[in-house]
There are 2 protein chains.
Amino acid sequence: MNTFFTLTHNDKNSRARTGVVHTEHGDIQTPVFMPVGTQATVKSLDQTDLQNLDAEIILGNTYHLHLRPGEDLIAEFGGLHKFMHWDRPILTDSGGFQVFSLGTQKEKSGDIAENDTQGKLVAIDEDGVTFRSHIDGSTHRFTPESAIATQHKIGADIIMAFDECTSDTADKKYTMEAMERTHRWATRSMEAHQKFKPTDYKRFLFGIIQGANHKHLRETSAKFIAAQNFDGIAIGGESIGYNMAATADIIDWVTPFLPAEKPRYTMGLGYSPADLFVAVERGIDMFDCVAPTRIARNGTLYVHKKIDPNLKISITNAQFRNDSQPIDPECLCFTCLNHSRAYVHHLFRANEMLAYRLATLHNLHFFLNLMRDMRQAINVDNFLDFKKEWLG
Amino acid sequence: MNTFFTLTHNDKNSRARTGVVHTEHGDIQTPVFMPVGTQATVKSLDQTDLQNLDAEIILGNTYHLHLRPGEDLIAEFGGLHKFMHWDRPILTDSGGFQVFSLGTQKEKSGDIAENDTQGKLVAIDEDGVTFRSHIDGSTHRFTPESAIATQHKIGADIIMAFDECTSDTADKKYTMEAMERTHRWATRSMEAHQKFKPTDYKRFLFGIIQGANHKHLRETSAKFIAAQNFDGIAIGGESIGYNMAATADIIDWVTPFLPAEKPRYTMGLGYSPADLFVAVERGIDMFDCVAPTRIARNGTLYVHKKIDPNLKISITNAQFRNDSQPIDPECLCFTCLNHSRAYVHHLFRANEMLAYRLATLHNLHFFLNLMRDMRQAINVDNFLDFKKEWLG
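Calculation notes
- Residues numbered from 1 in each chain as written.
- Chains lettered and ligands numbered in written order.
- Predicted model: local features only at pLDDT ≥ 70, side-chain atom pairs only at ≥ 80, totals over all residues.
- Helix = DSSP H or I, 4+ residues; strand = E, 2+ residues; numbered from the N terminus.
- Rg over C-alpha atoms; globule rule 2.2 N^0.38 Å.
- Buried ≥ 20, exposed ≤ 12 C-beta atoms within 10 Å, placed from the backbone.
- Contact = placed C-beta atoms within 7 Å.
- UniProt positions renumbered as here; feature names shortened; annotations may be inferred.
- Nonpolar A, V, L, I, M, F, W, Y, C, P; charged D, E, K, R; others polar.
- Least-squares fit on C-alpha atoms with pLDDT ≥ 70 in both.
- Pairing = 2+ DSSP bridges.
- Axes fitted to C-alpha atoms, helices over the stretch in contact; angles between N-to-C directions.
- Right-handed = clockwise from strand over helix to strand, strands pointing away.
- Core = buried A, V, L, I, M, F, W, Y, C linked by C-beta atoms within 7 Å.
- Expected span 1.5 Å × (residues − 1).
- pLDDT = per-residue confidence, 0-100.
- Parallel < 35°, antiparallel > 145°, perpendicular 65-115°, else oblique.
- Left-handed = near helix turned anticlockwise from the far one by under 90°.

(A) Highlighting the overall build of chain A. Counting its regular elements, chain A contains 15 helices and 16 strands. In terms of overall size, chain A behaves like a compact globule, its C-alpha atoms giving a radius of gyration of 20 Å where 392 residues would be expected to give roughly 21 Å. Across its three principal axes, chain A shows a C-alpha extent of roughly 60 × 50 × 45 Å. Here chain A holds 392 residues, and 57% of them are scored as buried. Summarising the internal contacts of chain A: among those between residues at least 6 apart in sequence, 66% fall at separations of at least 24.

(B) Highlighting the UniProt feature "binding site: Zn(2+)" (unreviewed entry) in chain A. Residue and element names in this part refer to chain A. The positions UniProt marks with the feature "binding site: Zn(2+)" (unreviewed entry) are Cys331, Cys333, Cys336 and His362. On the basis of their most widely separated C-alpha atoms, the annotated residues across 32 residues gather in one place, lying no more than 8.2 Å apart. C-beta crowding within 10 Å serves as the criterion here: with 23 such atoms nearby, Cys336 is assigned to the buried category. When you line up the elements, His362 lands in helix α14 (residues 353-379). Take His362: there are 26 C-beta atoms within 10 Å of it, and that puts it in the buried class. Among residues more than four places away in sequence, those in contact with His362 are Ala296, Leu301, Ile327, Cys331, Cys333, Thr335 and Cys336.

(C) Up close: helix α6 (residues 144-154) of chain B. All names here are of chain B. Along α6, 8 of the 11 residues are buried, which leaves the element largely enclosed by surrounding structure. Of the residues making up α6, those classed as buried are Pro144, Ala147, Ile148, Thr150, Gln151, His152, Lys153 and Ile154. Downstream of α6 by one or two residues, Gly155 has phi in the positive range, about 90 degrees.

(D) Main features of the interface of chain B and chain A. Taken together, the contacts link 33 residues of chain B with 33 residues of chain A. Sorting elements by how many residues they give to the side of chain B that touches chain A places helix α13 (residues 341-349) of chain B first, with 5 residues. Its residues assigned to classes, the side of chain B that touches chain A shows 14 nonpolar, 12 polar and 7 charged.

(E) Structural view of the relation of the copies chain B and chain A. Note on the copies: chain B fits chain A at an RMSD of 0.0 Å, the axial shift is 0.0 Å, and the rotation between them is 180 degrees. The superposition of one copy onto the other is thereby described by a two-fold rotation axis. The C-alpha atom lying nearest the rotation axis in chain B is that of B:Met353; the distance is 3.8 Å. Looking at chain B, 100% of its interface residues are interface residues in chain A too, so the copies touch through the same face.

(F) Fine view of the sheet that holds strand β3 (residues 26-30) of chain A. Residues and elements named next belong to chain A. Spatial ordering of the open sheet is given by β1-β2-β3, a layout of 3 strands whose pairing is antiparallel. On the outer flanks of this sheet lie β1 (5-10) and β3, each paired with one strand and no other. Shown here is a sheet whose adjacent strand axes are inclined to one another by a mean of 15 degrees, direction ignored. Direction of pairing for β1 relative to strand β2 (residues 17-23): antiparallel, over a ladder of 5 bridges.

(G) Highlighting the pairing of strand β11 (residues 204-209) of chain A. Residue and element names in this part refer to chain A. By the criterion of burial, β11 is predominantly enclosed, with 6 of the 6 residues buried. Here β11 shows no split at all, with Phe204, Phe206 and Ile208 on one side and Leu205, Gly207 and Ile209 on the other all buried. In this structure, strand β10 (residues 158-160) lies alongside β11, joined through 3 bridges in parallel fashion. In the strand pairing of β11, Ile158 is matched with Phe204. Judged from the 4 bridges that link them, β11 and strand β12 (residues 232-235) form a sheet pairing that is parallel. Note that in β12 the partner of Gly207 across the bridge is Ile233. After leaving β11, the chain enters helix α8 (residues 215-227) and then returns to the sheet as β12, a path that is right-handed.

(H) A look at the nonpolar core. Grouped together as the largest cluster of nonpolar side chains are 228 residues, with contacts concentrated most on A:Phe206, B:Phe206 and B:Phe287. Contact partners of A:Phe206, with chain neighbours within four places excluded, come to A:Ile158, A:Met160, A:Ala161, A:Phe230, A:Asp231, A:Gly232, A:Ile233, A:Ala234 and A:Tyr265.

(I) Here's a closer look at the sheet that holds strand β1 (residues 5-10) of chain B. Residue and element names in this part refer to chain B. Sheet architecture is open: 3 strands sit in the order β1-β2-β3, paired in antiparallel fashion. At either end of the open sheet lies a strand with only one pairing partner, and these are β1 and β3 (26-30). The sheet shows a mean angle of 15 degrees between the axes of neighbouring strands, taken without regard to direction. Lying over the sheet, helix α14 (residues 353-379) contacts β1, β2 (17-23) and β3, oriented at roughly 120 degrees with respect to β2.

(J) Highlighting the environment of B:Gln39. All names here are of chain B. In this structure, Gln39 sits in the loop between β4 (32-34) and α1 (47-52). Given 23 C-beta atoms within a 10 Å radius, Gln39 is considered buried. Spatially, the C-alpha atoms of Gln39 and Glu352 are 22 Å apart, while their sequence positions differ by 313 residues.

(K) Seen up close, helix α7 (residues 172-195) of chain B. The first and last C-alpha atoms of α7(B) sit 35 Å apart over 24 residues, in line with the 34 Å expected at 1.5 Å per residue. Contacts from the buried residues of α7(B) go to α6, β11 (204-209) and α8 (215-227) of chain B.

(L) Seen up close, the pairing of strand β8 (residues 129-132) of chain A. Residue and element names in this part refer to chain A. The alternating pattern of β8 places Val129 and Phe131 on a buried face and Thr130 and Arg132 on a face that is not buried. Examined bridge by bridge, strand β7 (residues 123-124) and β8 share 2 bridges and lie antiparallel to one another. If you follow Ile124 over to β8, its bridge partner there is Val129. The antiparallel hairpin formed by β7 and β8 contains 4 residues in its connecting segment.

(M) Local environment of unusual backbone geometry. Between A:Arg68 and the following residue, A:Pro69, the backbone shows a cis peptide bond with an omega angle of 10 degrees. By the secondary structure assignment, A:Pro69 is in the loop between α2 (62-67) and α3 (71-76). Here the bond from B:Thr30 into B:Pro31 is cis, since omega is 0 degrees, no more than 30 degrees from zero. By the secondary structure assignment, B:Pro31 is in the loop between β3 and β4. Positive phi values are uncommon outside glycine, yet A:Ala212 reaches one of about 50 degrees.

(N) Layout of the environment of A:Phe230. All names here are of chain A. Looking at where Phe230 falls in the secondary structure, it is placed in the loop between α8 and β12. We classify Phe230 as buried; it has 22 C-beta atoms within 10 Å. Residues Phe230 and Met160 lie 70 residues apart in sequence; the distance between their C-alpha atoms is 9.6 Å. Residue contacts for Phe230: discarding those within four places in its chain leaves Leu205, Phe206, Gly207 and Ile225.

(O) Broad picture of the confidence of the model for chain A. The pLDDT averaged across chain A works out to 93; a share of 94% of its residues lies at or above 70. A low-confidence stretch, residues 103-119 of chain A (pLDDT under 50), is modelled with 41 contacts involving residues beyond four sequence positions or located in other chains.

(P) Here's a closer look at the packing of helix α10 (residues 273-281) of chain A against helix α15 (residues 383-391) of chain A. Residues and elements named next belong to chain A. Contact geometry of α10 with α15 gives a least axis separation of 11 Å together with a crossing angle of 165 degrees. Comparing their axes, α15 and α10 come out roughly antiparallel. Read as a crossing pair, α10 and α15 show a hand that is left-handed. In this structure, α10 uses Pro273, Ala274, Phe277 and Glu281 to contact α15, whose residues at the interface are Phe383, Lys387, Trp390 and Leu391.

Structure follows, in structure tokens:
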């Protein structure tokens, strides 16, 4: 019996499903959207804000935390939960994606890039990856063993195997080689993970399916990862969450090979409510994406379709200057309950920090509330109607 | 009988006093420190934060609000309280200080200068001041009548007469002419104020004593302002709060001429706890200063003297990298109750927005709590002992 994941209900009219992920820091209702807390903070929010949003799990980024403040310091404080004062579950990625995307970037002042741009890796070999810090250019190295050790020190409840996220522009030969290396790294990640015997609380390890946009490679990767003893299965790749047509195909290719009793996680998916519908309908359980928080800081705010068919507005637009309505009149977030579009517009125009917090609270509430409503719909076999109501 | 201000207690061993300022948005216990909310927000905080800090009144800046979003827009929303969703008292300055200090500055990205630099005014004449916006260089004009009208539209509970804040480097002749003009503007401000018959709630008008660092001018100005029908009396000038030796002298010069039954307000004083002691001891009731919030955003945090004799630490210093203590172990603010110095240090080093909020919460709590403790000490005639305990 799997004590990590309980499948609660399968929607009768789609592959959507509800479940519960169990960790020693608490349960997580799935499908779940996980806010991204790259550097031990979800940008602009404190941990009470996250509790008020009822976020059941947040993400940390191993690459960033390794560089600053470092896993040893975090371990000295008893792990990331205690360091950042968050006692609910945490998931860390393996650092692989950021190594490939940020390894050659310069730090931007005030707002670190949160993995949006694919850059060049510094040096990859069979054993691991050598990369430069985006902060100070110093040289670092991750191997499957060190990435797992780092994640154990950081102390997330759910950790990820070290993988190579290949660019969609790589040729099929390279993509296949990288996928095979990712499989060898998956095995090494598992072996490294099993050597740790934490005395505080259990860490759960997810494997990652790669193979870019090649059906055969994705199927091969799905079979391989599904055959290992991972607690959950992630689907990685440059397309996931960025190219939704490709993402839908990839999910459709791999899910037939995935055991129903393990949670499924598309990494980096969640740019828009529509994207979440695509993946939930196909049986995905876990999501993370920097988009809701990043676009919030740019003044892009989610709304229901009756307000805007694109499900978002740009609050800095002149039309909102004297608009006394809340961002979304149906929304019950802190921002919408307390403030007008005009006030949020003013704060953005005046470059006030409160703007970023109010916008972030709104977008995260919007996503987390959508997931709650999706779960409810799935549990009464109503997911497709709910989707239609939402997207038209 | 003055229904605006109730004098509660005079300390037997100093000129310190406690009282209550009554407004239609609530009472204010004095001596009081008023957090500065320049652009309709206390930087990095929301209004629930301010309620949790038990801030009884906040400040708005007429100059900034006039430029953005404009007093007409604010009035359209029923005033600043409703626009920013803050139902406790608000005080606005007259805009004069910012016109003189910001009139020629360029806007800094992300964090508008909050009146720290004395610049050149654009053009001053008997009728008023013409100045350029620091945002877009557009030309604006304030007269005593327009400054009062603007403040009535913004809708603060306490508004200020329009004055000229002369530089301490001005010669005595100019300083006297400016003071006399300020007196004529005070009379015009009062006349303009009395023409407004608000139907929503009462606005109270304060006059401002000028005269720079000249004893005779300060005495003259104190007598003039005290003789008018103002609800409260402010002491303005470049030195106030910046040159504390001069500030102490100026307070000593003017207070003998001030009626006991009117609240006294030193504008811009409150850089450090020590400064507040200097002024409270001399019978000042009201304070505002951008320092606690501005230096917070720079990582400078107030602490008790047993931690640092200068009553502050720079949290970005390397020594705090792995310090598991709260900023000040005696402090009961949100930040100190929840977070370590190491975590706040990390957030600053990582340029995370949460750093600014946690630091601002700490510094404001520190000041507001100090004022609560001062009031308690005054009420039992223990102010001087309390001061000694604090400053040594």
